[in-house]
Amino acid sequence: IGWRIHSETMKATAADSLNDCISTAAVVGGMLVFHYFHLNIDGIVGIFVACFVLWGGYESIKDTLNPLLGESPDPELIAKITETVLNHKMVIGVHDIVVHDYGPARRMISFHGEVPEDGNINELHEVIDRCERQIRKELGCETIIHMDPIAVNDEKVNKLKSILVKKIKDYNPDITIHDFRVVDGPNRQNVIFDAVVPIECKDKSADVEKKLGELVRELPGNCYGVIDIDRQFINFGGVN
């Protein structure tokens, strides 16, 4: 039942009951060995039972502490959330998914959903509400979605993004970008975006930011990068 409902308390109770059964069986086994073979193995049995109980306690503590201290969300859950949201054609991207897990049926999710900036605000809001209700119904999670308007029909922005994405792929194919915007200034174009860097990447965030800034400056039109680095802690990148 503990595995079925994902209850660490129930699994710990089961482990405790199992320890009691094994301890009792070990005592009975020691008595039978002494009765029939006149060998006193109480010390060996005691060591075995103590090690088993200690190991069971370690496993229970580990399973309990991980959710309290924080752990990566289940990749299957992230994939399901992304698939559910992107099935709504007015949502064109998902990123910055955060999962707060407080136990069975107590899971809070927040993320950014990218929508066209030239869309009807009332229609877009209705779609976001529909996504929240669908996730709550299908996954049992309370959800808060931040709506990110992005340019999808701006030829200049799309061209700059396409060039930059190719340059980034040549530098590190595992880095993705989102929240891409271009703001024209009097002397330069500010190219603003977030870059998702996998935790496996050994480069420091400051070095990655510096490299991406150099790639931005190679874009046409006197571009300057305004970059935020996000570390991706699970092997499931955002959709951009």
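In this text, all values refer to a predicted model and were calculated from it rather than measured experimentally.

A. Quick peek at the pattern of salt bridges. Across all of its chains, the model carries six salt bridges by this definition. Residue K156 is joined to D184 by a salt bridge in which the shortest nitrogen-to-oxygen separation is 3.1 Å. Residue K156 is found in helix α6 (residues 155–171), and its partner D184 is found in strand β4 (residues 176–184); the two are separated by 28 residues along the sequence. A salt bridge links D170 to K166, with the shortest nitrogen-to-oxygen separation between them at 3.6 Å. Of this pair, D170 and K166 both sit in helix α6, separated by four residues, roughly a single helical turn. We note that D170, like K166, is exposed. Via salt bridges that share partners, E126, R130 and R133 belong to a single interconnected network.

B. Seen up close, a negative patch on the surface. Negative charge collects at one region of the surface, where E117, D118, D154 and E155 lie side by side. Tracing the backbone through its elements, the reader meets E117 in the loop between β2 (107–116) and α5 (121–139). The exposed category is assigned to E117, whose relative accessible area is 52%.

C. Inspection of the confidence of the model for the chain at higher detail. When the pLDDT values of the chain are averaged, the result is 85; 93% of them are 70 or greater. Predicted confidence in the chain is weakest over helix α3 (residues 42–69), with a mean pLDDT of 80, and strongest over helix α7 (residues 205–217), with 93.

D. View of helix α2 (residues 8–37). Taking 1.5 Å as the rise per residue, α2 with 30 residues should run 44 Å; its terminal C-alpha atoms sit 42 Å apart, in good agreement. Among all positions of α2, only K11, N19, A26 and G30 are buried. Trailing α2 by a residue or two, H38 shows a phi angle of about 60 degrees, which is positive.

E. Up close: the packing of helix α4 (residues 75–86) against α5. The contact between α4 and α5 brings their axes to 10 Å, and the two run at 140 degrees. If you check the angle between α4 and α5, you find them oblique. Relative to α5, α4 is oriented so that their crossing is right-handed. From α4, L77, K80, I81, T84 and V85 reach across to α5, where they touch C131, Q134, I135, E138 and L139.

F. Structural detail: the environment of I92. Within the fold, I92 resides in the loop between α4 and β1 (93–101). Judged by relative accessible area, which is 34%, I92 ranks as partly exposed. Put simply, I92 and E114 are 22 residues apart on the chain and 5.5 Å apart in space, counted from C-alpha to C-alpha. What I92 contacts, discounting residues up to four positions off in sequence, is L86, E114, V115, P116, I150 and V152.

G. Geometry of a nonpolar patch on the surface. Among the surface-exposed residues, V28, L32, Y36, F37 and L39 lie close enough to one another that they form a single nonpolar patch of about 560 Å² accessible area. Looking at the element boundaries, F37 is found in helix α2.

What counts, and at which threshold
Residues numbered from 1 in each chain as written. Predicted model: local features only at pLDDT ≥ 70, side-chain atom pairs only at ≥ 80, totals over all residues. Heavy atoms only, no water. Salt bridge = Lys/Arg side-chain N within 4 Å of Asp/Glu carboxyl O. Helix = DSSP H or I, 4+ residues; strand = E, 2+ residues; numbered from the N terminus. Buried < 20%, exposed > 50% of the residue type's maximum accessible area, 1.4 Å probe, protein only. Patch = residues over 30% accessible without salt bridge, like charges linked within 9 Å, V, L, I, M, F, W, Y side chains within 5 Å. Areas by Shrake-Rupley, 256 points an atom, 1.4 Å probe, with all protein chains shown as cover. Lys, Arg positive; Asp, Glu negative; His and termini not counted. Charge placed at Lys NZ, Arg CZ, Asp CG, Glu CD. pLDDT = per-residue confidence, 0-100. Expected span 1.5 Å × (residues − 1). Axes fitted to C-alpha atoms, helices over the stretch in contact; angles between N-to-C directions. Parallel < 35°, antiparallel > 145°, perpendicular 65-115°, else oblique. Left-handed = near helix turned anticlockwise from the far one by under 90°. Contact = heavy atoms within 4.5 Å.

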